[in-house]
Amino acid sequence: MRIFDPHIHMTSRTTDDYEAMRAAGVLAVVEPAFWLGQPRTSPASFYDYFDALLGWEPFRAAQFGVAHHCALALNPKEANDPRCTEVLQELPRYLVKDSVVAVGEIGYDSMTPAEDHALAAQLQLAADHGLPALVHTPHRDKLTGLHRTVDVVRESALDPERVLLDHLNETTVKAAKDAGCWLGFSVYPDTKMDEQRMVAILAEYGPERVLVNSAADWGRSDPLKTVRTGEAMLRAGFCADDVDRVLWRNPVEFYGLGGRLDLGPVAAAGALHEGNSVLRGGE
Ligand SMILES: [Zn+2]
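Let me sum up the structure you'll find in this document. Owing to the predicted nature of the structure, the values given are computational and were not obtained by experimental measurement.

Another point: the overall build of the chain. Of the regular secondary structure elements, the chain holds 11 helices and 10 strands. Relative to the 2.2 N^0.38 estimate, which gives 19 Å for 283 residues, the radius of gyration of the chain is 18 Å and therefore close to what a compact globule would have. Oriented by its inertia axes, the alpha-carbon framework of the chain measures out at about 55 × 40 × 35 Å. Classification of the 283 residues of the chain by burial places 55% in the buried group.

Next up, the structure:
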């Protein structure tokens, strides 16, 4: 099993996690910029964080054979703090960096006017930079949030086919699919979405444009939930090709839309030679 985790906050994770992920077949990740739990009080704090996602964290990932790319943005929650919104003006100088493969995570937290503004402005930035966008959908009042998100996407310059709507569940998947967006699911240890429900959604809606992530961060989360979902798919009768599509080819295709994804050595390591992977021992 070769795995690309399309949404994981490695900054919050240990080297044990990198070792376990690589041993289980996680060869590539995208780390979106988000809220650190402790609210930031100045734009400079964001710039140091962006630099860490562009420099230190890819270096750390490389020590474990994991390809690390990032998505950068002003996150929805902190878009509400007027001390932080200057970040929107500074983002263009970060979005041109090679390892930035998307704008994200953007979207709604509490659905405020400030969040409306940040979402629309950053969809425009994605369009201006030829990048796709990773859009977080709210955990509360999910369907209302999804509809409002889709409305803003439709009014934007960014094609829905370049938008990944994340944190979907049974109540929002149909509207997201009908909107023509990519479908992201975050699988957590005990809340929101688990691997059995994920398998049921895949059985109903199919694997096309579906991405599964662990969204692991500083909260209770499990960076191997992608692997567990792949195992649950196989137990439920999906074939290995479906698993590869959801856990590898779909994220490669989505983040490849910006033309910057470079999987170089790890793609070779994850390749199959006459049906065999060099990683078979780790599965
Ligand atoms: Zn996240």
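What follows covers the pairing of strand β7 (residues 182–186). For β7, the tally of buried residues reaches 5 of 5 residues, placing the bulk of the element in the interior. Taking every second residue as pointing to the same face, both faces of β7 are buried, with Trp182, Gly184 and Ser186 on one and Leu183 and Phe185 on the other. In this sheet, β7 lies alongside strand β6 (residues 163–166) in parallel orientation, the contact comprising 2 bridges. For Leu165, the partnering residue across the bridge sits in β7 and is Leu183.

Moving on, we get to the nonpolar core. Within soluble globular proteins, side chains that are nonpolar tend to cluster in buried spots. In terms of nonpolar packing, the biggest core is built from 74 residues, with Phe50, Leu72, Leu165, Phe185 and Met198 touching the most fellow members. With 6 residues, helix α2 (residues 43–54) is the single largest residue contributor to this core. Setting aside residues up to four positions removed in sequence, Leu165 forms contacts with Val135, Thr137, Leu146, Thr149, Val150, Ala176, Cys181, Trp182, Leu183 and Gly184. In terms of nonpolar packing, the next biggest core, distinct from the first, is built from 18 residues, Leu27, Ala28, Leu164 and Leu261 among them.

This paragraph deals with the side chain of Asn213. Position of Asn213 relative to the elements: it lies in strand β8 (residues 210–213). Polar side-chain contacts of Asn213 include one of 3.1 Å to the backbone nitrogen of Ala215.

Coordination of the zinc ion by the protein comes from His7 (NE2), His9 (NE2) and Glu105 (OE), over a distance range of 2.0 to 2.2 Å. In the primary structure, the donors to the zinc ion are separated according to the pattern H-x1-H-x95-E. By relative accessible area, which is 2% here, His7 ends up buried. Residue classification places His9 among the buried residues on the basis of a relative accessible area of 2%.

With the rule as written, the count across this model stands at 12 aromatic pairs. For the ring pair Trp35 and Trp218, a centre distance of 5.6 Å and an interplane angle of 80° mean the geometry is edge-to-face. Here Trp35 is found in the loop between β2 (26–32) and α2, whereas its partner Trp218 is found in the loop between β8 and α9 (225–235), with 183 residues between them in sequence. According to the relative accessible area criterion, Trp35 is partly exposed, its value standing at 24%. Ring geometry for Phe254 against Tyr255: centres 5.0 Å apart, planes inclined by 70°, an arrangement best described as edge-to-face. Judged by its relative accessible area of 0%, Phe254 is buried. The class for Tyr255 is buried, based on a relative accessible area of 0%. Taken together, Phe4, Trp182, Trp248, Phe254 and Tyr255 form an aromatic cluster joined through their ring pairs. Taking the ring centre of Trp35 as reference, the NZ or CZ of Lys77 above it sits at 4.6 Å. Lying over the aromatic face of Tyr47, Arg93 brings its terminal NZ or CZ to 5.4 Å of the ring centre.

When their charged atoms lie close together, side chains carrying opposite charge are able to pair. Summed over all chains, the structure comprises 16 salt bridges. A salt bridge links Asp81 to Arg83; the shortest N-O distance between them is 2.9 Å. Taking the relative accessible area as the measure of exposure, Arg83 reaches 46% and is therefore partly exposed. A single network of salt bridges, built from pairs that share partners, joins Arg2, Asp241, Asp244 and Arg249.

Moving on: the environment of His69. In this fold, His69 is placed in strand β3 (residues 67–72). Between the C-alpha atoms of His69 and Leu54, which are 15 residues apart in sequence, the distance is 7.7 Å. When near neighbours in sequence (up to four residues on either side) are disregarded, His69 contacts Val29, Val30, Glu31, Ser99, Val101, Arg260, Leu261, Asp262 and Leu263.

Here the focus is the sheet that holds strand β5 (residues 133–136). The parallel open sheet is built from 8 strands, whose spatial order is β1-β2-β3-β4-β5-β6-β7-β8. Across the chains shown, the open sheet's two edge strands, defined by having one partner strand only, are β1 (3–5) and β8. If you compare each strand with its neighbour and ignore which way they point, the axes differ by 25° on average. Two strands pair when backbone bridges link them, and β2 and β3 are joined in this way by 5 bridges, in the parallel orientation. Residue pairing in the sheet places Val29 in a bridge with His68 of β3. Contacting β2, β3 and β4 (100–107), α2 runs over the sheet at an angle of about 150° to β3.

Quick notes on the rules
- Residues numbered from 1 in each chain as written.
- Predicted model: local features only at pLDDT ≥ 70, side-chain atom pairs only at ≥ 80, totals over all residues.
- Heavy atoms only, no water.
- Helix = DSSP H or I, 4+ residues; strand = E, 2+ residues; numbered from the N terminus.
- Rg over C-alpha atoms; globule rule 2.2 N^0.38 Å.
- Buried < 20%, exposed > 50% of the residue type's maximum accessible area, 1.4 Å probe, protein only.
- Pairing = 2+ DSSP bridges.
- Core = buried A, V, L, I, M, F, W, Y, C linked by side-chain atoms within 4.5 Å.
- Contact = heavy atoms within 4.5 Å.
- Polar contact = N/O pair within 3.5 Å; in protein donor to acceptor, adjacent residues only side chain to side chain.
- Donors = N, O, S within 2.8 Å, 3.2 Å for Na, K, Ca; no water.
- Phe/Tyr/Trp six-rings, centres within 6.5 Å; stacked < 30°, edge-to-face > 60°.
- Lys NZ or Arg CZ within 6 Å of the ring centre and 35° of its normal.
- Salt bridge = Lys/Arg side-chain N within 4 Å of Asp/Glu carboxyl O.
- Axes fitted to C-alpha atoms, helices over the stretch in contact; angles between N-to-C directions.

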